[in-house]
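Report on the structure
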Amino acid sequence: MLPSTEIGGCTIRAPVPPEFRRILTPEAMQFVAHLSRRYSHRVSELLERRREVQARYDAGQQPNFLPETKHIREGDWKVAPLPADLQDRRVEITGPTDRKMVINALNSGANVYMPDFEDSNCPTWRNLVEGQINLADAVRRTISLSAGGKTYRLNERVAVMLVRPRGWHLWEKHVYVDGAPIPGGIFDFALYFFHNAKELLARGSGPYFYLPKMQSHLECRLWNDIFVDSQRVLGIPNGTIKATCLIETLPAAFEMHEFLYELRDHSAGTI
Ligand SMILES: CC(=O)SCCNC(=O)CCNC(=O)[C@H](O)C(C)(C)COP(=O)(O)OP(=O)(O)OC[C@H]1O[C@@H](n2cnc3c(N)ncnc32)[C@H](O)[C@@H]1OP(=O)(O)O
Ligand SMILES: O=CC(=O)O
């Protein structure tokens, strides 16, 4: 039987060794529980909506631009300006949040590094929490490693981090709130944001994200609502978070204006 530990209103059905406690603090897990209670049901509704849309495609309907959002595609609006460290993104690197790869990616000379809790990361419990430890150490520039006869530490100049939480289709089955597993994306976002947002700002950067695999602008609206709420909870100005949406699904290609519009205070473009 899996161990079960209560922290901050979350039930963790996985081991919590002492080194995980600096990430799974009561305050951080209260924040995870808050976001999960408020937004999990919307994740479930949006996943149900995906199934309905897919059923229409299966029945022969073609994807197309949405009539109800014509005013957005034709409207006069702009996304908010970007901070200085997101102006030059000509070279980007990504990979899992393994400690050595985090250091190598930050030192690689790329402008941006996307530490990945999604495709390139196997979402085992250990990978997820150790990844958060590695990123917290990277933000504070205390990350180092001795392996294979080499010592790894950060260069003076490192890439800007845009962290990729999991997509809405993935659940974090090691963490339960009110008896149900929580969205993996909320777990990844909440812990990184809670532990690092203020530290990043103090160091002249910010809490930046890549958002994967969305299939509708309504899924962007959910992220935007989570960003607004999270910034309020931590007392950080609205619009501080910046996020780039990955266009990875066919329906998303028909809603790119809408993706930008929904996230317009927080958008760092689509890619
Ligand atoms: C959106 C997306 O693109 S998702 C995909 C993101 N990319 C990845 O997941 C690839 C991650 N890398 C890997 O899986 C492996 O490195 C492979 C399969 C490419 C190669 O494996 P191996 O031949 O065993 O080489 P190894 O893993 O030792 O890598 C060689 C060196 O490159 C570094 N490296 C490899 N990939 C990365 C990466 N993505 N980021 C930073 N460093 C990396 C390793 O840390 C290692 O460093 P070292 O020379 O200091 O030991
Ligand atoms: O986002 C793209 C991927 O391959 O992962």
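How each quantity is defined
- Residues numbered from 1 in each chain as written.
- Chains lettered and ligands numbered in written order.
- Predicted model: local features only at pLDDT ≥ 70, side-chain atom pairs only at ≥ 80, totals over all residues.
- Heavy atoms only, no water.
- 1 Å grid on protein atoms, 1.4 Å probe; cavity = no way out; pocket = protein on both sides within 12 Å on 5 of 7 lines; lining within 4 Å.
- Points joined across faces, edges and corners; volume = space filled by probe spheres on them.
- Helix = DSSP H or I, 4+ residues; strand = E, 2+ residues; numbered from the N terminus.
- Near = heavy atom within 4 Å.
- Polar contact = N/O pair within 3.5 Å; in protein donor to acceptor, adjacent residues only side chain to side chain.
- Areas by Shrake-Rupley, 256 points an atom, 1.4 Å probe, with all protein chains shown as cover.
- Nonpolar A, V, L, I, M, F, W, Y, C, P; charged D, E, K, R; others polar.
- Pairing = 2+ DSSP bridges.
- Axes fitted to C-alpha atoms, helices over the stretch in contact; angles between N-to-C directions.
- Contact = heavy atoms within 4.5 Å.
- Phe/Tyr/Trp six-rings, centres within 6.5 Å; stacked < 30°, edge-to-face > 60°.
- Buried < 20%, exposed > 50% of the residue type's maximum accessible area, 1.4 Å probe, protein only.
- Lys NZ or Arg CZ within 6 Å of the ring centre and 35° of its normal.
- Right-handed = clockwise from strand over helix to strand, strands pointing away.

Size it by volume and the largest pocket reaches roughly 340 Å³. Residue lining of the largest pocket: 20 residues in total, with Val53, Tyr57, Leu66, Pro251 and Glu255 positioned closest to the centre. In terms of residues, the lining of the largest pocket owes the most to one element, helix H1 (residues 26–58), which gives six residues. The volume enclosed by the second largest pocket comes to roughly 280 Å³. Val139, Val158, Ala159, Leu200 and Ser205 are the residues nearest the centre of the second largest pocket, which is lined by 16 residues in total. Elements supplying a minimum of two residues to the lining of the second largest pocket: helix H4 (125–139), strand S7 (160–161) and helix H5 (184–202).

In the vicinity of ligand 1, the contacting residues are Thr94, Gly95, Pro96, Lys100, Met101, Asn104, Ala105, Ser120, Lys150, Tyr152 and Arg164. Within the backbone of Thr94, a nitrogen or oxygen atom sits 2.8 Å from a nitrogen atom of ligand 1. One of the side-chain N or O atoms of Lys100 is found 2.8 Å from an oxygen atom in ligand 1. About the coverage of ligand 1: the protein hides 42% of its 930 Å² of free accessible area. For the shell around ligand 1, the secondary-structure elements that each account for two or more residues are strand S3 (92–96), helix H3 (99–106) and strand S6 (150–153). In terms of residue count, the dominant contributor to the shell around ligand 1 is H3 (four residues). By residue class, the composition of the shell around ligand 1 is four nonpolar, four polar and three charged.

This part takes up the sheet that holds strand S8 (residues 171–177). Across a sheet, strands are paired by hydrogen bonds formed along the backbone, either parallel or antiparallel in direction. In space, the four strands of this open sheet follow the order S1-S2-S8-S9, with antiparallel pairing throughout. Of all strands in the sheet, those bounded by a partner on one side alone are strand S1 (5–7) and strand S9 (180–183). Recorded for the sheet is a direction-independent mean angle of 50 degrees between the axes of neighbouring strands. Across four bridges, the pairing between S8 and S9 is antiparallel. Opposite Tyr176, over in S9, you have Pro181 as the bridge partner. Of the strands in this sheet, S1, strand S2 (10–12), S8 and S9 touch H1, which is tilted by about 115 degrees from S8. Along the sheet face, H5 touches S8 and S9 and points at about 60 degrees away from the line of S9.

Here we take up the packing of aromatic side chains. Think of a pair of aromatic rings as described by two things: how far the centres are apart, and how the planes are tilted against each other in angle. On inspection of all chains with the given rule, the structure shows 14 aromatic pairs. Seen in terms of ring centroids, Phe209 and Phe227 are 6.2 Å apart; in terms of plane orientation they differ by 25 degrees. Their pairing is stacked. Here the residue Phe209 occupies a position in strand S10 (residues 208–211), and Phe227 occupies one in helix H6 (residues 217–234), the gap between them amounting to 18 residues. Taking the relative accessible area as the measure of exposure, Phe209 reaches 0% and is therefore buried. Residue Phe227 is classed as buried on the basis of its relative accessible area, which comes to 0%. Taken together, the ring pairs in this structure connect Phe31, Trp168, Phe189, Tyr192, Phe193, Phe194, Phe209, Trp223 and Phe227 into an aromatic cluster. Cation over ring: Arg13 sits above Tyr176, and NZ or CZ is 3.7 Å from the ring centre.

The backbone of Arg141 shows a phi angle near 60 degrees, a positive value even though the residue is not glycine. You can see Arg141 is positioned in the loop between H4 and strand S5 (144–147). Positive phi is not limited to glycine here, since Asp178 has a value of about 50 degrees. Structurally, Asp178 is set in the loop between S8 and S9.

The next thing to look at is the pairing of strand S11 (residues 242–245). Of the two faces of S11, the one holding Lys242 and Thr244 and the one holding Ala243 and Cys245 are both buried throughout. Strand direction decides the pairing type here: S10 and S11, joined by four bridges, are parallel. Bridging across to S11, Tyr210 finds its partner in Thr244. Remark: the S10/H6/S11 crossover connection has right-handed handedness.

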